[in-house]
Amino acid sequence: MNKGWKKVVASFLTIGTVALLSACGSGSDAASGNSEEPETVRLGVVGENNEAWEYVQEELEEKENIDLEIVTFTDYRGPITALEDGSIDLHSSLTEIFMDEVNEEGGFNNTTIAYTTLNPLGIFSDKIEDVEDLEDGAKVAIPNDVSNESRALLLLQQADLIELDEDKGNMPTTNDITDNPKNLQFEELDANQTIRALGDVDIACVNNNVAVDADFIPTEDAIFLEPVAESSQPYYNVIAAREDETDNELYQTVVDYYQTDEVKEVIADTTKKSSIPVW
């Protein structure tokens, strides 16, 4: 074989070796799955029972290569300020009326991009089994933030325990009680503390997720539960983003994976149907 043919053969061998190595490399990438770094979305929640979001977290990781990082808060204002300062990207545990109230107070711009559930407020007691059994001067624990206090007072009105000034709409305070036939005495506490006050009061108005975190089943354990009606919409729980990111495609993907029949089933199973999907 002359020198010219040797060069040609060597060239073909080099090309074949490179192609083979390339093919092996491609096969290795395919076998290991998506080699791209996942996109991260930090989601703020309140409380420890977040099975629906944990299900969504797994689905997003498997099907969209999105890392949904669940950030837990112990109070309801925490997710709002964290979203505002960029510590998280979304939050989902707050009612729209509460978020709007804190927005107004703090000059924030947390904005609803989707609804999740209605989590009915309940009246709980260790001492009585029916609100009609309340004695004169009974002690009542209610949340001390504006929106949850108003919601609790409206619930007590629905239970025929008090009457409120109807001109105050959805935002009455204890100063707006126009009739208190049982002379109820109110103790205003942080929303996540009302359930812990049951030993010291006669009844407590307790947020749904606070009750669930304390191993209560609101639909079974509450002696009176907030009814589902058109007036409930201000109390729908939201998924919220910063105002300038409401159309963010990544966040809309998170919404799409939450608002499914599968997630409805998870919610029903884990809350004993105490949380009601509203999408």
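Residues numbered from 1 in each chain as written. Predicted model: local features only at pLDDT ≥ 70, side-chain atom pairs only at ≥ 80, totals over all residues. Heavy atoms only, no water.

- Going by an unreviewed UniProt entry, the protein chain carries the name Lipoprotein and comes from Tetragenococcus koreensis.
- Looking at the protein chain in UniProt, the text filed under Sequence similarities (unreviewed entry) is "Belongs to the nlpA lipoprotein family."
- Per its UniProt entry, the protein chain bears the Subcellular location (unreviewed entry) comment "Membrane". (UniProt positions renumbered as here; feature names shortened; annotations may be inferred.)

1. Overview of the packing of helix 2 (residues 51-64) against helix 8 (residues 249-258)
Here is step 1 of the chain: Contact pair helix 2 / helix 8: the axes reach a minimum separation of 9 Å and the direction vectors enclose 120°. As judged from the angle between their axes, helix 2 and helix 8 are oblique. The handedness of the crossing between helix 2 and helix 8 is right-handed. Residue-level contacts link Ala52, Trp53, Val56, Glu59, Leu60, Lys63 and Glu64 of helix 2 to Thr253, Val254, Tyr257 and Tyr258 of helix 8.
Here is step 2 of the chain: Of the residues assigned to the contact of helix 2 with helix 8, the class counts are seven nonpolar, one polar and three charged. (Axes fitted to C-alpha atoms, helices over the stretch in contact; angles between N-to-C directions. Helix = DSSP H or I, 4+ residues; strand = E, 2+ residues; numbered from the N terminus. Parallel < 35°, antiparallel > 145°, perpendicular 65-115°, else oblique. Left-handed = near helix turned anticlockwise from the far one by under 90°. Contact = heavy atoms within 4.5 Å. Nonpolar A, V, L, I, M, F, W, Y, C, P; charged D, E, K, R; others polar.)

2. Here's the deal with the sheet that holds strand 10 (residues 203-206)
Here is step 1 of the chain: Across the sheet, which stays open at both edges, the five strands sit in the order 9-6-10-5-11 with mixed pairing between neighbours. Of all strands in the sheet, those bounded by a partner on one side alone are strand 9 (185-189) and strand 11 (224-225).
Here is step 2 of the chain: Pairing between strand 5 (residues 122-124) and strand 10: three bridges, direction antiparallel. Paired with glycine 122 across the bridge in strand 10 is valine 206.
Here is step 3 of the chain: Packing of helix 5 (residues 146-158) onto the sheet brings it into contact with strand 5, strand 6 (139-143), strand 9, strand 10 and strand 11, and relative to strand 6 it is tilted by some 135°. (Pairing = 2+ DSSP bridges.)

3. A closer look at the confidence of the model for the protein chain
Reading predicted coordinates in detail is not appropriate for stretches of low pLDDT.
Here is step 1 of the chain: With 87% of its residues at a pLDDT of 70 or more, the protein chain shows a mean pLDDT of 88.
Here is step 2 of the chain: For the stretch residues 2-33, pLDDT sits under 50, and the model shows two contacts to residues farther than four places along the chain or on other chains. (pLDDT = per-residue confidence, 0-100.)

4. Some words on the pairing of strand 1 (residues 39-46)
Here is step 1 of the chain: Where strand 1 and strand 2 (residues 66-73) come together, eight bridges link them in parallel fashion. Paired with valine 41 across the strands is leucine 68, a residue of strand 2.
Here is step 2 of the chain: In the classification by handedness, the crossover that spans strand 1, the intervening helix 2 and the parallel strand 2 is right-handed.
Here is step 3 of the chain: Inspection of the sheet shows strand 1 paired to strand 3 (residues 90-91) by two bridges, in the parallel sense. Along strand 3, the bridge assignment pairs leucine 43 with leucine 90. (Right-handed = clockwise from strand over helix to strand, strands pointing away.)

5. Looking at a negative patch on the surface
Here is step 1 of the chain: A cluster of like negative charges, contributed by Glu129, Asp130, Glu132, Asp133, Glu135, Asp136, Asp160, Glu163 and Asp179, occupies part of the molecular surface.
Here is step 2 of the chain: With respect to the secondary-structure elements, glutamate 163 resides in strand 7 (residues 163-164). (Patch = residues over 30% accessible without salt bridge, like charges linked within 9 Å, V, L, I, M, F, W, Y side chains within 5 Å. Areas by Shrake-Rupley, 256 points an atom, 1.4 Å probe, with all protein chains shown as cover. Salt bridge = Lys/Arg side-chain N within 4 Å of Asp/Glu carboxyl O. Lys, Arg positive; Asp, Glu negative; His and termini not counted. Charge placed at Lys NZ, Arg CZ, Asp CG, Glu CD.)

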